[in-house]
Structures are given as C-alpha cells and as structure tokens.
Amino acid sequence: RITRTLIETAEEEEEEKKLKMCDEKTLREIFAHFDKDKSGTIDKKELSAVLKAYFEAVNEPADAKKIDETASAIIKEIDTGGDGTINLEEFIKAFK
C-alpha cells in the first residue's frame, strides 16, 4: 500500500514536470512568434502589433493611443531588467 502511494506520488510529480516543460515550450514558441525581428526581445512596436491583432480578433475597439498605453503598461510590468523590452526569461517568468 505504501509502495503504491509512493509510485503514484512519483508519477504525479513526473506529470507536473512534463506540464511545466510543455508550458515553457509553448511560451518559447509564443515569444518567438511575437519577436518578429528575432532580436531576442519583444519591443514596444512588436507588442503593439500583437495587441492590435488581439483587439481586432475580439472585436474590441482600440485606437493607437489605447494600444500604445497598453503596450507600455505591459512592458513596465514585465521588464524587470529596465531596458524597455521583454526578453525570453522575463516573458516566461511573467506567466509562471
């Protein structure tokens, strides 16, 4: 009985690890999609393009000012390095 519990616990931990790796892989793919110029960072222009597409997809009105303000707020929150861009590490950390 104890052995079965230990095995089940180990299997659950392995599944959690796989999910986290999958999530990180997905986040890396999303980051790469957002990083249009492949610079290794998402800048305000790239993030604004993503936000514009998002607002259009959900039929939410968004003028350039709203998009710019939203992009600035997101970068300010996620950019822990203070360089005005979001790198992969910051991006992943923001979603964990």
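It should be emphasised that the depicted structure is a prediction, and the values quoted were computed from it without experimental measurement. (Residues numbered from 1 in each chain as written. Predicted model: local features only at pLDDT ≥ 70, side-chain atom pairs only at ≥ 80, totals over all residues. Heavy atoms only, no water.)

### As for unusual backbone geometry
Selection criterion: Runs of H or I in DSSP of at least four residues are treated as helices and runs of E of at least two as strands, each being numbered from the N terminus. With a 1.4 Å probe rolled over the protein chains alone, any residue whose accessible area is under 20% of its type maximum counts as buried; one over 50% counts as exposed, and the rest are partly exposed.
One non-glycine residue, K38, adopts positive backbone phi at about 55°. When you line up the elements, K38 lands in the loop between α1 (2–34) and β1 (41–42). On the basis of relative accessible area, K38 is assigned to the exposed category, the value being 58%. Backbone geometry at N59 places phi at a positive 55°, although glycine is not the residue there. Mapping N59 onto the fold places it in the loop between α2 (44–57) and α3 (64–78). The exposure class assigned to N59 is exposed, which follows from its relative accessible area of 70%.

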